[in-house]
Amino acid sequence: MTRRQEFLLGVLGAAVAFGACEAVSRAGIVRRSYLPPASEVLARAARLAGDGTFLDGIGATLRAWALGLGLACAIAVPLGLLLGTVPVLEAALRAVVEFLRPLPSVALIPLVSLLLGSGTGAEVTLIAYASVWPVLFNTVYGLAETDPLAKDTLRAFGFGRLGVLLRVDLPGAAPFIAAGVRISAAVALVLAVASEILSGFGEGLGIFIAQAQTATDGARDVLAGVLWAGTLGLVINGLLVGAERRLFAWAHEPRGGPGRFGPGRQGAGA
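This structure is a prediction, so every number in the text was calculated from the model and none was measured. (Residues numbered from 1 in each chain as written. Predicted model: local features only at pLDDT ≥ 70, side-chain atom pairs only at ≥ 80, totals over all residues. Heavy atoms only, no water.)

1. Observations regarding the packing of aromatic side chains
Thought 1: Across all of its chains, the model carries 5 aromatic pairs by this definition.
Thought 2: Judged by centre distance (4.9 Å) and plane angle (75°), the rings of Phe54 and Phe208 are edge-to-face. Here Phe208 lies in helix H9 (residues 205-212) and Phe54 lies in helix H3 (residues 52-85), a separation of 154 residues in the sequence.
Thought 3: Judged by its relative accessible area of 6%, Phe54 falls in the buried class. (Phe/Tyr/Trp six-rings, centres within 6.5 Å; stacked < 30°, edge-to-face > 60°. Helix = DSSP H or I, 4+ residues; strand = E, 2+ residues; numbered from the N terminus. Buried < 20%, exposed > 50% of the residue type's maximum accessible area, 1.4 Å probe, protein only.)

Quick look at the structure:
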């Protein structure tokens, strides 16, 4: 399936969902106070694009998202390189990592708010905690997938551990790290909005949603805010996927298929 076909199918799916929500609301199957027509939600979301206060909130959410994701990458990549190249350290920290990983970040909001308050610092901390795991484990898995023959070759030419790490391990693990960053970007955006909703004050997209749900007829604004959150996530993921395909095009090439060195060539030789 080509990218154009994937795009068209995505547009078709969105149109079907839009039409279903519109029909359900217009037919009165669900109260409009609970589910406004999709056209009204879309119109409200479009009007919010001209609201300076709302756009400032979007900027605050994206700022916390970027800081948290950047902090997670700054922690996870070096730690993953250490765990992936030093087996003794990986064995020593395995229990700690496996204990901390399942802890839901949302459950830590009261504790972090108590220690750091309810400002940007607490939000960035929660985002970083939730985002660190995909990058960390993808880094470790990427190192495990590097070519051992290439590493042995460099060692035979006198390169030390650091040289092997920089010339083989890190380039080989880079596509895995990029995939981990892409996954963490989505997690970070979810945590950014969720932490703002639960805090209930300040600025940000989550604050807009939290305040809208207390209004008399706030379902439309809530859904418009959710639509903006989904759009941001879609745009961010699209940008990261495009960058990943451009930087690591060789990692997305099919392996072992029929072709010059694939099974078809081997079968012909047999």
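Next comes the rest of the description.
2. Some remarks on the pattern of salt bridges
For side chains of opposite charge, pairing can occur when their charged atoms come near one another.
Thought 1: Applying the stated rule across the entire model yields 7 salt bridges.
Thought 2: Where Glu90 meets Arg94, a salt bridge forms, and the shortest distance between an N and an O atom there is 2.8 Å. In this pair, Glu90 and Arg94 both sit in helix H4 (residues 87-100), 4 residues apart, roughly one turn of the helix. (Salt bridge = Lys/Arg side-chain N within 4 Å of Asp/Glu carboxyl O.)

3. Quick word on the nonpolar core
Thought 1: Residues Phe54, Trp65, Trp133, Val135, Leu205 and Trp228 are the most contacted members of the largest nonpolar core, which totals 49 residues.
Thought 2: Every element with two or more residues in this core is listed here: helix H2 (38-48), H3, helix H5 (109-116), helix H6 (120-144), helix H8 (161-199), H9 and helix H10 (219-247).
Thought 3: The element best represented in this core is H6, accounting for 12 residues.
Thought 4: Beyond its immediate stretch of four places on either side in the chain, Phe54 contacts Leu48, Leu205, Phe208 and Trp228. (Core = buried A, V, L, I, M, F, W, Y, C linked by side-chain atoms within 4.5 Å. Contact = heavy atoms within 4.5 Å.)

4. With respect to the packing of H5 against H6
Thought 1: The geometry of H5 relative to H6 is characterised by a closest axis approach of 9 Å and an angle of 140° between their N-to-C directions. Regarding the angle of H5 to H6, the classification is oblique. Judged by the sense of rotation from one axis to the other, the crossing of H5 with H6 is right-handed. Each of Ile109, Val112 and Leu116 in H5 lies in contact with H6, whose residues at this interface are Gly121, Ala122, Thr125 and Leu126.
Thought 2: Taken together, the residues of the contact of H5 with H6 sort by class into 5 nonpolar, 2 polar and no charged. (Axes fitted to C-alpha atoms, helices over the stretch in contact; angles between N-to-C directions. Parallel < 35°, antiparallel > 145°, perpendicular 65-115°, else oblique. Left-handed = near helix turned anticlockwise from the far one by under 90°. Nonpolar A, V, L, I, M, F, W, Y, C, P; charged D, E, K, R; others polar.)

5. Describing the side chain of Asp169
Thought 1: With respect to the element layout, Asp169 can be found in helix H8.
Thought 2: Classification of Asp169 by relative accessible area gives buried; the value is 6%.
Thought 3: Leave out the neighbours within four places in its chain, and Asp169 touches Thr85, Leu143, Thr146, Lys151 and Val164.

6. Examining the packing of H2 against H10
Thought 1: Contact geometry for H2 and H10: axes closest at 8 Å, N-to-C directions at 65°. In terms of axis orientation, H2 runs roughly perpendicular to H10. Between H2 and H10 lies a crossing whose hand is right-handed. Side by side, H2 and H10 meet where Glu40, Val41, Leu42, Arg44, Ala45, Arg47 and Leu48 of the first sit next to Arg220, Asp221, Leu223, Ala224, Leu227 and Trp228 of the second.
Thought 2: The class makeup of the residues in the contact of H2 with H10 is 8 nonpolar, no polar and 5 charged.

7. Structural notes on empty space enclosed by the protein
Thought 1: Evaluation of the coordinates by the stated rule reveals 1 cavity of 30 Å³ or more.
Thought 2: Volume-wise, the largest cavity comes out at about 40 Å³.
Thought 3: Arg182, Ala185, Ala186, Leu189, Gly233, Ile236 and Asn237 together form the lining of the largest cavity.
Thought 4: Of all the elements in the fold, those that place two or more residues in the lining of the largest cavity are H8 and H10.
Thought 5: The biggest single contributor to the lining of the largest cavity is H8, with 4 residues.
Thought 6: Split into classes, the residues belonging to the lining of the largest cavity amount to 4 nonpolar, 2 polar and 1 charged. (1 Å grid on protein atoms, 1.4 Å probe; cavity = no way out; pocket = protein on both sides within 12 Å on 5 of 7 lines; lining within 4 Å. Points joined across faces, edges and corners; volume = space filled by probe spheres on them.)

8. Quick look at H6
Think of an α-helix as 3.6 residues a turn; residues three or four steps apart then line up on the same face.
Thought 1: Over its 25 residues, H6 extends 36 Å from the first C-alpha to the last, a length consistent with the 36 Å expected when each residue adds 1.5 Å.
Thought 2: Its maximal kink placed at Val132, H6 deviates by approximately 30°, while the proline Pro134 follows within four residues.
Thought 3: With 19 of 25 residues buried, H6 lies mostly within the body of the structure. (Expected span 1.5 Å × (residues − 1). Bend = angle between axes of the 7 residues up to and from the residue.)

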